[in-house]
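# Inside the fold
So the chains spell out like this:
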Amino acid sequence: MSEHVAHAVQYGSRTHSFSLQRSARRTLAIEVHPDQRIHVVAPLNTSLELIRERVARRGAWIMGQHRYFAQFLPISTAREYVSGETHRYLGRSYVLKVRQGHERGVKLRGGELLVTAPQRPDPDTVKRLLTAWYHAHAQRVFAERLAAALPLFKRYRIAQAPLQIKRMAKRWGSCTAKGHILLNPELIKAPARCIDYVLIHELCHRVHPNHDKAFYTLQTRLMPDWERWKYRLEKLT
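### Some points on the sheet that holds strand S5 (residues 86-89)
Sheet strands line up and pair through hydrogen bonds in the backbone, either parallel or antiparallel. Strand order in the open sheet formed by 4 strands is S5-S6-S8-S7, with mixed pairing between adjacent strands. The open sheet has two edge strands with one neighbour each: S5 and strand S7 (105-109). Within this sheet the neighbouring strands show an average axis-to-axis angle of 35°, counted without direction. In this structure, S7 lies alongside strand S8 (residues 112-117), joined through 5 bridges in antiparallel fashion. Across the sheet, residue Arg109 finds its bridge partner in S8, namely Glu112. Set on the sheet, helix H3 (residues 123-149) makes contact with S5, strand S6 (92-100), S7 and S8; between it and S5 the angle comes to about 20°.

Structure below.
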C-alpha cells in the first residue's frame, strides 16, 4: 500500500521531502534516486513518527547522495552553431567551421570540425548535422568501449550488457533493473577513459546495486584511477 501524500523532515537548514510506500517487509529502506527524489519503503506497522525520525537521522547520508548524483549532471554551454565556436569530441576541442560544399555532412579535419551543405547551412541545420554526427560516433565508440570493459566482469558471469544511448537530464549513465546500460550521448565529448569510468561504474551495479563499500571496493579494483576520470568528467564543459 502506498501513501500518496508527500512527507518531509528537517535536517539543519534543509528540508527533505520523501514519498512513502508500505510493504510486507521487516526493515525500513531509504532510497535516493538520481533525480534527487527520496523514497522510503517501510514495514506496514511502522509509525510515521518513527519513519520521519529515521529519515532525519540519515540526513547527512541523503545530502551526500544528492551531491553524488549532481556530479553526473552534464554541464551544457549555450551554442549558436556558427563558425569559430569550440566543440568537444573524445576530450579534445575542435573549432567549428561552417562551409558551403558539395557534400552534406560533418568531418574532423585537423583541429577543425567541418560542417558542409550544398546551401550554406544555417545554425539549425548545423545543429541537426552535428547532433546526428555525434550520435553516430557515440554508437560506435560506446560499443567499442563496452566490449573492452566486459572482460573485466567475466568472473561475475556478465558476458553481455545491452547498450542504449539515451539523453538524460541528470545522468551520464545508468543501469536498468534488467541490466541494460544507458549512456548519455553527451558522453562522447569526454575523454575515452571517462567513458570507461561510466561504463565500469554502471557494470559494477550489475554486481552490487547500491553504492556501498563492496561497490566501491570492486570499482577501485577494476579501475584504480577512477577518481581521476570522475573528476575530469565533472569538469567537462
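On we go from here.
### Considerations on the pairing of S5
Burial along S5 is one-sided: His87 and Tyr89 are buried, while Thr86 and Arg88, pointing the other way, are not. Connecting S5 to the next strand, S6, in antiparallel fashion are 2 residues, including Leu90 with a positive phi near 50°.

Thresholds applied
- Residues numbered from 1 in each chain as written.
- Predicted model: local features only at pLDDT ≥ 70, side-chain atom pairs only at ≥ 80, totals over all residues.
- Heavy atoms only, no water.
- Pairing = 2+ DSSP bridges.
- Helix = DSSP H or I, 4+ residues; strand = E, 2+ residues; numbered from the N terminus.
- Axes fitted to C-alpha atoms, helices over the stretch in contact; angles between N-to-C directions.
- Contact = heavy atoms within 4.5 Å.
- Buried < 20%, exposed > 50% of the residue type's maximum accessible area, 1.4 Å probe, protein only.

Honestly, it's all geometry; don't read function into it.
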